[in-house]
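Results of the structural survey
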Amino acid sequence: MSATTGIRIRRLRLVGIDRNYDVDFTSDSDVRRLSIISGAFSSGKTAVLEFISYGLGARRHPRHPEIMRKVRASLLEVELSGVPHVIERAVGEPSTSAFVRRGRLDEAAASTAERRSIDPAGDPQSLSTLLLSHCGLEGVQLREAPTSSESRTDPLSFRDLMWLTFLTNERVADKNFLFENSFMRKHKLRQVVDVVFAVHDDRRIEIGARIRELESRLNRSRSELATARSFVEEQHTGAADAQTRLVAERELADITRQLEAIDAQARAATDFATQLRARHRSAAEDAQSAAAVLRDQETQLARMLPLRAQYADDLLKLGMLAQAKHLFDPLRVRICPACLQPLQEPPHTDGGHCSLCHHPVQSPSDPALGSAADALTPSEERLDVAVETRATKARLKAITTYIEELEQSLAAAEKRAADTALEEQRAAKALDEATGPVVSTYLSARDELHRQQIQVHRRIDELNTAAKLQEGLYKRSAKVAQQESQLQHLRDELGNLGDAAVDRDQVLRDISGRYARLLTEWHYPKLSMPHIAGDLTPHVRGEPYQEASSGARTLITLAWQLAVFEVAVEKGAAHPGFLMIDSPQKNLGHGGTRDSLIADAVSIDDFYRFLRQWLQDRGDTAQVIIADNSPPDLVEENVIVRFSRDEEHPPYGLIDDETG
């Protein structure tokens, strides 16, 4: 990988509900060669590295409570072959896809976001395929059984490549550092190393298969590009460069300013008609008031007329009732039925007997005789028809008088409503005659500007459409160019392919030599026979690394990871070009256990001093990111953030507003 190939980490942004949380790996817009994330335990240092891994296709992200409460998305700004891109993935339930767009975080998108699936890794539209293409490893297949030519193959995934780019805290000093307890993972790790250094078995056959596959993809891409170009030419979209769009936007802004100026001039030019406007407003208010009074009176009259008719009908009924009183006996006994002479007093009960027939009468409380007793009661209530008739006539007269008054005032209200409406029309006409000639001039100018505004809007829409079409052409052209470059690279590699076994032995010797040099530079105590075996297992003092102490294993795993990384960068191998290390001082005095012999003999300054010198000699071809609790003062200028876990010394942690 060169300075313009591979992958570089620029910025990490966690998008929260109320705010964002950023970690910047650049200085003066250039990627830092060495970035150190420092701070106390449980403050978010490891989470930064894990979110970078998540942005590059890891299946899971950190799920700490403060992250799940606050964060909704992860944005990773990276350079892919020197071109800035932003990779976005949702946070919460791990997403099954990522959205990739060209550009930077704080700049307008240079292109529309492209959806990339996470699995399967071999899908041409997967995120893994995109990242591997910028490392020169797109389409690589790994055999499940290396000794069998008929073995099934699996596509290389960028997650497999991350074993060489991310040394996690769990793998540092672990006795299963090279996945010894899983045959398939250990076998795949060896294949990944061989693929990165282009020395794996059946290299010629594998390159030939990749060339054929890439030729097929290139033909499809060329066909799609030709079709897209024909479509764009048929649309006659014309040029859609940024300068043309800028001119159109400036023209639109100028028209908008002219419209605002005309409106202001029109208002100023018609200020002389203030009195006419006040007169018209007063006339309009009078007309509305008169119309409201008229509606109220008409409503009252409409309600009173049926009420008067109802009282007249009631009066007629009372008259009929009074006549019926004289025509029909209301069953009151006033004449003796025997002699037909008027009775001196109405019949009544006297000592329990009827005064007329002397027949015994039961108590009035007897239910059987209650009706008869009631009929003989002289105090029975009677309807006074005369009183009701007088009351009804009085109400009818009052209603009639009120209706006559309403009818008389209704005519006046109608006249007033008509007069006020006419006065409003006159005031409006006077206002129009006074302001019409002035306003019409501005209206014609405004109509012309509005027409121009519509035309500019239409031209901007056409430019946007053309820009989208040209962006599609650019993406397809870039894809074709990239595939052509990859194809030429594979053909050159196939032509220069030599003895893979000899090449692999040389690569192992280089890695083993760098491994021994690193341990020597770090002053590994009693160092003897440091080397890396053919199966990639690191040895010290003639024993594999599992036999070393915990602190010694820390140095051994660091040396192995750095040796592979440094040799890959120096040889221009297909390595992404960045390395992340978590907790390089594990077991050296900063963890729960301490290897006193190693911690006392080894200075962490030596680790950082040699790493800084090596990175300085490499220019922009390598990037290292380290999470360390307490880096030495030697690398203070390389510390990009320091999490304190102390509210009085911000930032508290990665999610710096979660301090509880």
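For the structure itself, look to the data block above.
This text gives an overview of the structure that appears in the document. (Residues numbered from 1 in each chain as written. Predicted model: local features only at pLDDT ≥ 70, side-chain atom pairs only at ≥ 80, totals over all residues. Heavy atoms only, no water.)

1. Let's talk about the sheet that holds strand 9 (residues 114-117)
If you trace the 6 strands from one edge of the open sheet to the other, you get 2-1-6-7-8-9, paired in antiparallel fashion. Each end of this open sheet is capped by a strand with a single partner; those strands are strand 2 (20-24) and strand 9. For this sheet, the mean inter-axis angle between neighbouring strands, taken without regard to orientation, is 25°. Pairing geometry for strand 8 (residues 97-102) and strand 9, over 4 bridges, is antiparallel. Paired with valine 100 across the two strands is glutamate 114, which belongs to strand 9. (Pairing = 2+ DSSP bridges. Helix = DSSP H or I, 4+ residues; strand = E, 2+ residues; numbered from the N terminus. Axes fitted to C-alpha atoms, helices over the stretch in contact; angles between N-to-C directions.)

2. Comments concerning unusual backbone geometry
Following aspartate 119, the chain continues to proline 120 via a peptide bond in cis, the omega torsion being -5°. Within the secondary structure, proline 120 sits in the loop between strand 9 and helix 3 (127-133). Residues other than glycine seldom take positive phi values, yet serine 583 does so here, at roughly 60°. Examined against the element boundaries, serine 583 turns out to sit in the loop between strand 18 (578-582) and helix 13 (596-601). Residue class for serine 583 comes out buried when judged on its relative accessible area of 12%. (Buried < 20%, exposed > 50% of the residue type's maximum accessible area, 1.4 Å probe, protein only.)

3. Digging into the sheet that holds strand 15 (residues 531-532)
On the basis of which strands lie adjacent, the open sheet formed by 3 strands has the order 15-16-17 and antiparallel pairing. The open sheet terminates on both sides in strands that have one partner only, identified here as strand 15 and strand 17 (543-544).

4. As for a positive patch on the surface
A cluster of basic residues, Arg220, Lys475, Arg476 and Lys479, forms a positive patch at the surface. The biggest single contributor to the positive patch is helix 10 (residues 385-495), with 3 residues. Tracing the sequence through the fold places arginine 476 in helix 10. Given the relative accessible area of 36%, arginine 476 is considered partly exposed. (Patch = residues over 30% accessible without salt bridge, like charges linked within 9 Å, V, L, I, M, F, W, Y side chains within 5 Å. Areas by Shrake-Rupley, 256 points an atom, 1.4 Å probe, with all protein chains shown as cover. Salt bridge = Lys/Arg side-chain N within 4 Å of Asp/Glu carboxyl O. Lys, Arg positive; Asp, Glu negative; His and termini not counted. Charge placed at Lys NZ, Arg CZ, Asp CG, Glu CD.)

5. Concerning helix 14 (residues 604-618)
Between its first and last C-alpha atoms helix 14 spans 22 Å; for 15 residues at 1.5 Å apiece the expected length is 21 Å, and the two agree. Among the residues of helix 14, those classed as buried are Ile604, Asp606, Phe607, Tyr608, Phe610, Leu611, Trp614 and Leu615. A positive backbone phi angle near 70° is found at glycine 619, which sits one or two residues after helix 14. (Expected span 1.5 Å × (residues − 1).)

6. Some remarks on the environment of threonine 112
Inspection of the secondary structure puts threonine 112 in the loop between strand 8 and strand 9. Classification of threonine 112 by relative accessible area gives partly exposed; the value is 48%. Taking the C-alpha atoms as reference, threonine 112 lies 8.9 Å from glutamate 471; in sequence the two are 359 residues apart. Once residues within four sequence positions are removed from consideration, threonine 112 is found in contact with Val100, Arg101, Glu471 and Lys475. (Contact = heavy atoms within 4.5 Å.)

7. Observations regarding the nonpolar core
Core analysis: the biggest nonpolar cluster contains 106 residues, and Ile9, Leu56, Phe197, Trp522 and Phe607 have the highest contact counts within it. Residues within four places of phenylalanine 197 in sequence aside, it is in contact with Val507, Ile511, Val564, Val567, Ala568, Lys571 and Ala573. (Core = buried A, V, L, I, M, F, W, Y, C linked by side-chain atoms within 4.5 Å.)

8. Re the pairing of strand 8
Side-chain positions along a regular strand alternate between the two faces of the sheet. Pairing of strand 7 (residues 83-90) with strand 8 involves 4 bridges; the strand directions are antiparallel. When the bridges of strand 8 are listed, glutamate 88 appears paired with phenylalanine 99. A loop of 6 residues connects strand 7 with strand 8, the two strands running antiparallel in sequence, and glycine 92 in this loop sits at a positive phi of about 135°.

9. Brief notes about the packing of aromatic side chains
One pass over the structure, following the stated rule, counts 7 aromatic pairs. Plain terms: the ring middles of phenylalanine 177 and tyrosine 545 are 6.2 Å apart, the flat faces sit at 80° to each other, and that makes the pair edge-to-face. With phenylalanine 177 in the loop between strand 12 (166-167) and helix 5 (183-196) and tyrosine 545 in the loop between strand 17 and helix 12 (550-571), this residue pair connects regions lying 368 residues apart in the sequence. On the basis of relative accessibility, which here comes to 0%, the residue phenylalanine 177 falls in the buried class. An aromatic cluster of three or more residues is present, and its members are Phe177, Tyr545 and Trp560. Sitting over the face of the ring of tyrosine 54, arginine 89 holds its NZ or CZ atom 3.9 Å from the ring centroid. Here the basic side chain of arginine 185 rests over the ring of phenylalanine 179, its NZ or CZ set 4.3 Å away from the ring centre. (Phe/Tyr/Trp six-rings, centres within 6.5 Å; stacked < 30°, edge-to-face > 60°. Lys NZ or Arg CZ within 6 Å of the ring centre and 35° of its normal.)

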